[in-house]
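Single-letter residue listing:
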Amino acid sequence: MISLDKLDQNLIGILRSDGRAPVSKIAQILGVSRATVQTRLDRLVQSGAILGFTIRAQEEAPTGAIRAIMLVEVAGRSTDAVIRLLRGIREIHALHTTNGAWDLVAEIVSSTLPDFDRVLREVRMIEGVLNSETSILLRSLA
């Protein structure tokens with residue numbers, strides 16, 4: 001991987017907030033030529049520093065859905081088995097490994113409170129799950 005200088009970092013920062021920004025607009029913001037931005041973009045894509053371009057879309061959770069984040073602590077070497085079982089719960093829309101006190105972060109989307117309660121119980125019953133903490137998402141700000 002290439003080392004990124006300040007111009008590269010600023011270019012990537014602009015693209016993170018607007019992946020569809022025209023090269024000419026990026027050049028104006030950075031105070032460099034359009035050719036410089038295009039050359040940098042090509043190099044960043046070719047080197048793998050930029051893996052692709054995307055959009056940010058509104059959450060796809062149905063209106064009235066219960067959305068939550070669950071932090072999961074896993075016993076010893078049972079992480080792979082726990083992940084396999086968590087992936088089988090359809091209300092878990094994303095699963096992430098993390099560092100710190102918690103081993104996994106699960107994003108839950110449920111249509112009803114009884115379904116949400118069932119998901120919590122299912123996760124807590126998985127062998128290898130030592131502890132969990134769940135926060136319901138009330139409102140998205142960004």
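Residues numbered from 1 in each chain as written. Predicted model: local features only at pLDDT ≥ 70, side-chain atom pairs only at ≥ 80, totals over all residues. Heavy atoms only, no water.

Enquirer: Would you mind going over the overall build of the protein in detail, with residue names and values included?
Expert: Along the backbone of the protein there are five helices and four strands. For the protein, the succession of helices and strands along the chain, N to C, is α-α-α-β-α-β-β-α-β. Taking 14 Å as the expected radius of gyration for a compact globule of 142 residues, we find that the protein reaches 21 Å, considerably beyond that expectation. Seen along its three principal axes, the alpha-carbon backbone of the protein occupies a region of about 60 × 40 × 20 Å. Expressed as a percentage of its 142 residues, the buried residues of the protein come to 31%. When contacts within the protein are restricted to residue pairs at least 6 apart in sequence, long-range pairs at least 24 apart make up 63% of them. A total of about 9800 Å² of accessible surface is found on the protein, and carbon and sulfur atoms cover 50% of it. The distance from the centre of the 17 positive side-chain charges to the centre of the 16 negative ones in the protein is 7 Å. (Helix = DSSP H or I, 4+ residues; strand = E, 2+ residues; numbered from the N terminus. Rg over C-alpha atoms; globule rule 2.2 N^0.38 Å. Buried < 20%, exposed > 50% of the residue type's maximum accessible area, 1.4 Å probe, protein only. Contact = heavy atoms within 4.5 Å. Areas by Shrake-Rupley, 256 points an atom, 1.4 Å probe, with all protein chains shown as cover. Lys, Arg positive; Asp, Glu negative; His and termini not counted. Charge placed at Lys NZ, Arg CZ, Asp CG, Glu CD.)

Enquirer: Lay out the pattern of salt bridges in plain terms, naming residues and giving numbers.
Expert: Opposite charge on two side chains allows them to pair when their charged atoms are near. According to the stated counting rule, one finds eight salt bridges in the structure shown. Close ionic contact of Asp8 with Arg40 constitutes a salt bridge, the shortest N to O distance being 2.8 Å. Of this pair, Asp8 sits in helix H1 (residues 6–17) while Arg40 sits in helix H3 (residues 34–47), and the two are 32 residues apart along the sequence. Classification of Arg40 by relative accessible area gives buried; the value is 19%. Salt-bridge contacts for Arg90 lead to Glu91; the nearest nitrogen and oxygen are separated by 3.6 Å. Here Glu91 falls in the buried class, since its relative accessible area comes to 4%. (Salt bridge = Lys/Arg side-chain N within 4 Å of Asp/Glu carboxyl O.)

Enquirer: Account for the nonpolar core, naming residues and giving values.
Expert: Ranked by size, the top nonpolar core spans 19 residues in total, and within it Leu86, Ile108 and Val123 carry the most contacts. Those elements that provide at least two residues to this core are strand S1 (66–74), helix H4 (79–87), strand S3 (104–110) and helix H5 (113–125). Looking at this core element by element, the count peaks at five residues for S1. When neighbours within four sequence positions are excluded, Leu86 is seen to be in contact with Ile92, Leu95, Leu104, Val123 and Ile126. Ranked by size, the runner-up nonpolar core spans 14 residues in total, among them Ile14, Leu15, Val23 and Ile26. (Core = buried A, V, L, I, M, F, W, Y, C linked by side-chain atoms within 4.5 Å.)

None of this, on its own, says anything about what the molecule does.
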